[in-house]
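Letter by letter, the chains look like this.
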Amino acid sequence: MRLHEYQAKEIFADAGLPVPDADLADTVGDAVVAAERIGYPVAIKAQVHVGGRGKAGGIELAESEEEAREAAESILGMDLKGYTVNRVLVEAAVDFVDELYVGITMDRGAGRPVAMVSTRGGVDIEEVAAESPEDITREGVDPAFGLHPYQARRAVYGAGVAREVAHDVAGVLTTLYDLWNARDATEAEINPLMITSDEAVVAADAVMNVDDDALFRQPDLEAMETDSYEDDLERKAGEYGFDYVRLDGDVGIIGNGAGLVMTTLDLVDYYGGEPANFLDIGGGAQADRVANALDMVFSDPNVEAVVFNIFGGITRGDEVARGINDALERFDEIPKEVVVRLAGTNAEEGMEILNTDLVEVEGTLEDAVRRAVENAEEVSA
Amino acid sequence: MSVFVDGSTRVIVQGITGGEGKFHTEGMIEYGTNVVAGAVPGRGGQEVAGVPVYDTVTEAAEAEAADASVVFVPPAFAADALFEGLDSPLDLVVAITEGIPTQDMARVNKRLSEVDTRLIGPNCPGIITPGEAKLGILPGNVFEAGNVGLVSRSGTLTYQVVSNLTDRGLGQTTAIGIGGDPIIGTDFVDALAAFEDDPGTEAVVMCGEIGGEDEEQAAEYIAEGMSTPVVGFIAGRTAPPGKRMGHAGAIVSGSGTGTAESKIEALGEAGVPVGDTPEEVADSVEDLL
């Protein structure tokens with residue numbers, strides 16, 4: 001789960017991290033009221049989940065009421081890389097002399113958290129990591145103890161942070177780790193952490209991603225989640241409890257198990273088609289889940305054909321086939337050709353049970369994918 | 001021959017009284033696995049699927065001379081169950097549970113470095129030595145005894161590739177599902193090393209996927225001098241960066257690490273043929289044997 005900047009900043013502020021004075025606004029009028037209250041200059045920032053907001057015109061500075069109005073008018077409602085901007089954060093602009101990066105994430109390779117500091121703040125840190133990794137100082141964290149204060153100091157001094165602010169930056173890093181740990185974050189980042197001319201530190205941006213698997217013990221964060229969905233189909237998938245990723249192609253894909261669904265996508269591509277989505281319905285294939293999955297792919301206007309690939313392990317093929325038949329009968333009309341392939345336990349019985357008036361059946365994964373790709377091509381032709 | 005488990009492995013089921021635990025315990029026993037006990041706090045003295053239940057794993061392990069456990073405990077309590085398994089006289093803990101918070105697994109991982117017990121998983125289908133024992137939820141009828149070792153990050157993809165092998169009479173020594181999470185116990189290198197030491201394994205199939213660098217490390221291990229031939233498969237070639245493809249661990253980062261291309265290239269450089277389709281994987285194994 002990815003928090004919006006304004007959500008992350010609220011959490012950061014509650015933990016005692018320094019963030020600029022700010023208000024959230026969803027109308028031009030509210031944005032101007034906020035700017036007047038905060039005092040100029042203000043930064044007006046689009047609250048959408050896209051990288052490079054500034055370059056794309058999603059962040060503007062305003063020095064006056066007139067400029068604030070113009071900025072809010074141009075940003076609210078704008079299309080930013082496919083997402084409509086519904087909210088802006090109006091924030092006191094920080095007069096800075098330097099920009100740092102501080103962040104906490106999970107180091108997968110080492111299987112433990114890592115705290116990072118760099119004096120190259122304000123730029124894409126992943127680029128810095130790729131081009132000059134020596135510019136980022138890292139401290140591996142023992143999760144049993146947390147980030148020791150000495151480690152935070154070592155990272156800050158090691159990165160070459162100015163002595164005058166080193167103590168405060170180290171404090172920000174330890175607080176950020178505690179927050180990361182307490183809120184089950186996968187990433188917590190401040191980029192840039194601004195240094196002002198009077199040697200104060202301010203979190204000018206805030207990134208916090210939370211482990212979906214830990215939301216059960218972060219109820220207040222889970223409650224925030226609904227306004228983090230930007231795509232109607234992704235919202236629907238969340239309601240149905242599916243793992244779903246929308247892509248650009250026209251072959252809809254439904255399957256069970258992440259690895260096998262990914263493989264089905266890859267095969268669609270391999271046979272010259274373009275996958276429209278990743279949809280993992282998980283274990284079992286009861287009629288309800290199958291019907292929901294079909295509803296999902298049928299509601300994607302890009303989808304021209306569907307491949308349904310189930311490897312029945314513990315779930316038997318004949319049960320899966322009945323689920324598919326029941327699900328299909330709930331639709332007045334099957335809007336797109338569906339190719340089904342069943343494998344595993346009782347797969348042959350399952351294939352005999354499938355209602356071939358409603359679906360096409362193929363015996364192997366490769367054949368099923370080829371057929372679906374051909375079906376999509378025929379529709380587009 | 002086999003790795004990690006065989007017909008003599010004495011198995012405890014942690015979480016045997018839950019729906020999943022009970023169902024799959026019956027499946028394991030039906031397959032011929034030597035399930036000797038269950039462990040569920042507060043349920044000591046009961047019997048499930050014909051085996052005695054104990055309150056603690058230590059008690060179960062000592063009373064029944066067990067050497068492995070399979071964990072079906074729900075995610076919120078799973079890390080505690082894993083700590084308990086690692087703190088008991090067992091050689092192997094297999095964690096089936098999906099959805100354990102990553103920070104919990106970081107703490108388990110820390111403990112793992114301090115003990116000799118092997119962990120397989122979490123979020124995995126388990127491990128099977130065909131005809132002898134299965135610890136987990138794998139559909140036994142897909143597998144057949146033979147001389148191909150298999151290690152995979154995915155469940156159903158494993159079954160798919162195994163059925164491509166079995167259909168051609170290419171049976172398996174042991175198949176290991178190592179799990180799709182960012183932090184796991186046994187990784188590809190551990191599994192490859194075990195197959196390398198197993199005289200019965202004449203070829204190994206490794207099924208990787210996007211995310212992390214485990215496959216690249218495996219390629220390095222193979223290149224350093226693994227003598228048993230390996231065939232690869234990598235899922236997620238079409239996955240866009242920044243989108244999690246089901247498994248918590250299956251994500252290509254924004255900066256492009258963890259891509260299928262990087263893994264396929266690394267394996268190719270190590271001399272590992274990587275199939276474009278599961279069928280091609282079986283072709284390559286057939287050629288090697």
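Residues numbered from 1 in each chain as written. Chains lettered and ligands numbered in written order. Predicted model: local features only at pLDDT ≥ 70, side-chain atom pairs only at ≥ 80, totals over all residues. Heavy atoms only, no water.

Side note on the confidence of the model for chain B
So, step 1. On average, residues of chain B score 95 in pLDDT, and 99% of them reach the 70 mark or higher.
So, step 2. Under the prediction, the complex receives an ipTM of 0.93, its pTM being 0.93. (pLDDT = per-residue confidence, 0-100.)

A few points about the pairing of strand E12 (residues 203-209) of chain B
Residue and element names in this part refer to chain B.
So, step 1. Counting buried residues along E12, 7 of its 7 residues qualify, which places the element largely inside the surrounding structure.
So, step 2. Of the two faces of E12, the one lined by Ala203, Val205, Cys207 and Glu209 and the one lined by Val204, Met206 and Gly208 are each fully buried.
So, step 3. Across 5 bridges, the pairing between strand E10 (residues 145-152) and E12 is parallel. What sits directly across from serine 152, in E12, is cysteine 207. (Buried < 20%, exposed > 50% of the residue type's maximum accessible area, 1.4 Å probe, protein only. Helix = DSSP H or I, 4+ residues; strand = E, 2+ residues; numbered from the N terminus. Pairing = 2+ DSSP bridges.)

A word on the layout of surface pockets
So, step 1. In this structure, the second largest pocket occupies an estimated 420 Å³ of space.
So, step 2. Gly109(A), Asn109(B), Ile184(B), Gly185(B) and Asp187(B) are the residues nearest the centre of the second largest pocket, which is lined by 25 residues in total.
So, step 3. Looking at the lining of the second largest pocket, the elements that each hand over two or more residues are helix H4 (102-112), strand E7 (118-120) and helix H7 (214-223) of chain B.
So, step 4. A class-by-class count of the residues in the lining of the second largest pocket yields 6 nonpolar, 10 polar and 9 charged. (1 Å grid on protein atoms, 1.4 Å probe; cavity = no way out; pocket = protein on both sides within 12 Å on 5 of 7 lines; lining within 4 Å. Points joined across faces, edges and corners; volume = space filled by probe spheres on them. Nonpolar A, V, L, I, M, F, W, Y, C, P; charged D, E, K, R; others polar.)

Points about the state of the cysteines
So, step 1. Per the stated rule, a full pass over the model turns up 0 disulfides over all chains.
So, step 2. Left without a disulfide partner, Cys124(B) is nearest to the cysteine sulfur of Cys207(B), which lies 14 Å away. (Disulfide = S-S within 2.5 Å.)

Focus on the sheet that holds strand E6 (residues 88-92) of chain A
Residues and elements named next belong to chain A.
So, step 1. Strands sit in the order E1-E6-E2-E3 across an open sheet of 4 strands; the sheet is antiparallel. Whereas interior strands pair on both sides, the edge strands pair on one side only; in this sheet they are strand E1 (22-25) and strand E3 (59-62). Each adjacent strand pair in this sheet contributes to an overall mean axis angle of 20 degrees, direction not counted.
So, step 2. Alignment of strand E2 (residues 42-46) against E3, held across 4 bridges, turns out to be antiparallel. By the bridge assignment, alanine 43 is partnered in E3 with leucine 61.
So, step 3. The strands that helix H1 (residues 5-14) touches are E1, E2 and E6; relative to E6, the one it contacts most, it runs at about 45 degrees. (Axes fitted to C-alpha atoms, helices over the stretch in contact; angles between N-to-C directions. Contact = heavy atoms within 4.5 Å.)

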